[in-house]
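Remarks on the overall topology
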Amino acid sequence: MTLNLHNTYTRQKEAFRPIDPGNVRMYVCGPTVYDDIHIGNARPLVIFDVLARVLRDAYGDGNVTYARNITDVDDKIIERAAENGEEIEALTVRTTENFHAAAAALGCLPPDVEPRATDHIPQMIALIEHLIGKQHAYAEQGHVLFDVPSMPEYGKLSGRNRDEMIAGARVEVAPYKRDPADFVLWKPSADDQPGWDSPWGRGRPGWHLECSAMSEEHLGASFDIHGGGVDLVFPHHENEIAQSLCAHPDDSFARTWVHNGYLMSEGEKMSKSLGNFYTVTDLLVEFPGEALRLALLKTHYRQPLDFTRDGVREARQELNRFYRALALHETGVSDGEAHAVPNDVSDAVYDDLNTPLALSGLHAAADAAFAAETPEDVAAATGALKAAGELLGLLQQDPEVWFQGDGDAAIDALIAERIAARDAKDFARADEIRDQLAADGIVLEDGPGGTTWRREG
RNA sequence: GGCCCGGUGGCAGAGUGGCUAUGCAGAGGACUGCAAAUCCUUGUACGUCGGUUCGAUUCCGGCCCGGGCCUCCA
């Protein structure tokens, strides 16, 4: 099946053709580790996790290399560490751990490679020297700048020309720049700032450089997909292109550029003062990570997404229905087939990751499970639902765990007491127990196979 | 100011030049000791003004509204 992807570089949906189907390579910009990630950071995390799953589905598990970097040298990190009175490494290690925990809770598989900027300083310095040698960069007052006018095609990804950028520039032009559009590849570090020895003195890399150096190190100078949020199109990705293409003019750098749309929160731009700034860690106290993931996938990745708590609640309701359907499946009963992803689901996902449309296919599979009349039919329908869920990174828990968590002996005891009361036709006591559990958010269901329960937030 | 994206039923959200997804919430019914779940029924939306067309929510243009980017925010 052909995978279609919207390519920011051409502004069109294109049939995806990997350079090497035996090693499909994707690079995604990961977090700068100075603070816990917020829900806006979670969107690309989840989107590109889905894309990685789709690539593995299309080309085979072992034939995809997904690289996602950790930016662990950055001025924001320096500032934050100073504010906290914390060592820089303590901050970056702690934040990285939180990031990994959040990603796991959101159902994201680890990338195949997770390069750190600080592990690639020699490669960055070599890249700078290469660019200087090709007259695309120059050293000035301890800084090294990329010479934007040396690259006539600069601006193609973001669709802007240099004049526009200069006209709109909000920031004063630094005196060491030959051209206002030039950007920093290397900058000097003060004694109390992290720094590495270089031909231009002790300093640290500019932000854009690391992605050019690390993608080349791990994926090569030509690779298939480069992803990130739309706000990275300019300047970050534009500058990566400039660095990488000027260093390696015979290579293509990334061939397909995939960008997810912006996220708003509760109808407004997320900001701490508005009280709509949600970190993933905070949201996880209130909601299952899987509900957050579904809430993010209910909107097409290129559309703007208004993230709301109500939206997460709705996602959780949908997951309840999916897991109810999965719970219909009796262990041990098999319809004798390996379960494929239903065609409507894979068609949707392969068409530029149309996850909202794909989800309608999951609902159809759930309907089929409820309508099934034999255990084999149930097994077939739930198998299809689970396979479809896996492609999206959903529905991989045991339904009992989804509904009940780790279980609770006190609840089991009350349910046993209620069953005894019902058998004795003591409905007053039975209802009393129902109400008591309901007050704690526990919903009971009396079915033909006995009484089950679930937590409702 | 320049560039870009979006405005779909109560809400969320796909999609399409003509047969109008899907979900959540709501209403009615079946079922149920009660409830939940499930099933059935129900709700005819596409910002606005023009244009193209036999026909536009879907194409084109103006306008209005919302959002984003314009040197380090995913």
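Residues numbered from 1 in each chain as written. Chains lettered and ligands numbered in written order. Predicted model: local features only at pLDDT ≥ 70, side-chain atom pairs only at ≥ 80, totals over all residues. Heavy atoms only, no water.

1. Re the sheet that holds strand E7 (residues 183-188)
- Pairing within the open sheet is antiparallel, and its four strands lie in the order E5-E6-E7-E8. At either margin of the open sheet sits one strand with a lone partner, and together these are strand E5 (137-140) and strand E8 (203-205). Across the sheet, the axes of successive neighbouring strands diverge by a mean angle of 20°, strand direction being ignored.
- Pairing of E5 with strand E6 (residues 143-146) involves four bridges; the strand directions are antiparallel. By the bridge assignment, Ala-139 is partnered in E6 with Val-144. (Pairing = 2+ DSSP bridges. Helix = DSSP H or I, 4+ residues; strand = E, 2+ residues; numbered from the N terminus. Axes fitted to C-alpha atoms, helices over the stretch in contact; angles between N-to-C directions.)

2. Looking at the domain arrangement of chain A
- Domain parsing of chain A yields domain 1 (14-260), domain 2 (265-403) and domain 3 (407-455).
- Relative to domain 2, the C-alpha centre of domain 1 lies at a distance of 32 Å.
- In this complex, domain 1 contributes 25 residues to the contact, which on the side of domain 2 involves 30 residues.
- Around 2,200 Å² of area is buried between domain 1 and domain 2 when both sides are counted, 69% of it from carbon and sulfur atoms. (Domains from an automatic or database assignment. Contact = heavy atoms within 4.5 Å. Buried area = accessible area lost by both parts, 1.4 Å probe.)

3. Quick word on the protein's contact with RNA strand B
- In the vicinity of RNA strand B lie 55 residues, with Lys-76, Pro-180, Gly-229, Leu-232 and Asp-446 positioned nearest.
- Near-protein atoms of RNA strand B (within 4 Å) split between backbone and bases, with sugar and phosphate holding 59%.
- The separation between a phosphate oxygen of RNA strand B and a polar side-chain atom of Thr-299 is 3.4 Å.
- Between RNA strand B and Arg-418 there is a distance of 3.2 Å, counted from a base oxygen to a side-chain nitrogen or oxygen.
- At six residues, helix H12 (residues 355-371) tops the list of elements feeding residues into the surface near RNA strand B. (Near = heavy atom within 4 Å. Polar contact = N/O pair within 3.5 Å; in protein donor to acceptor, adjacent residues only side chain to side chain.)

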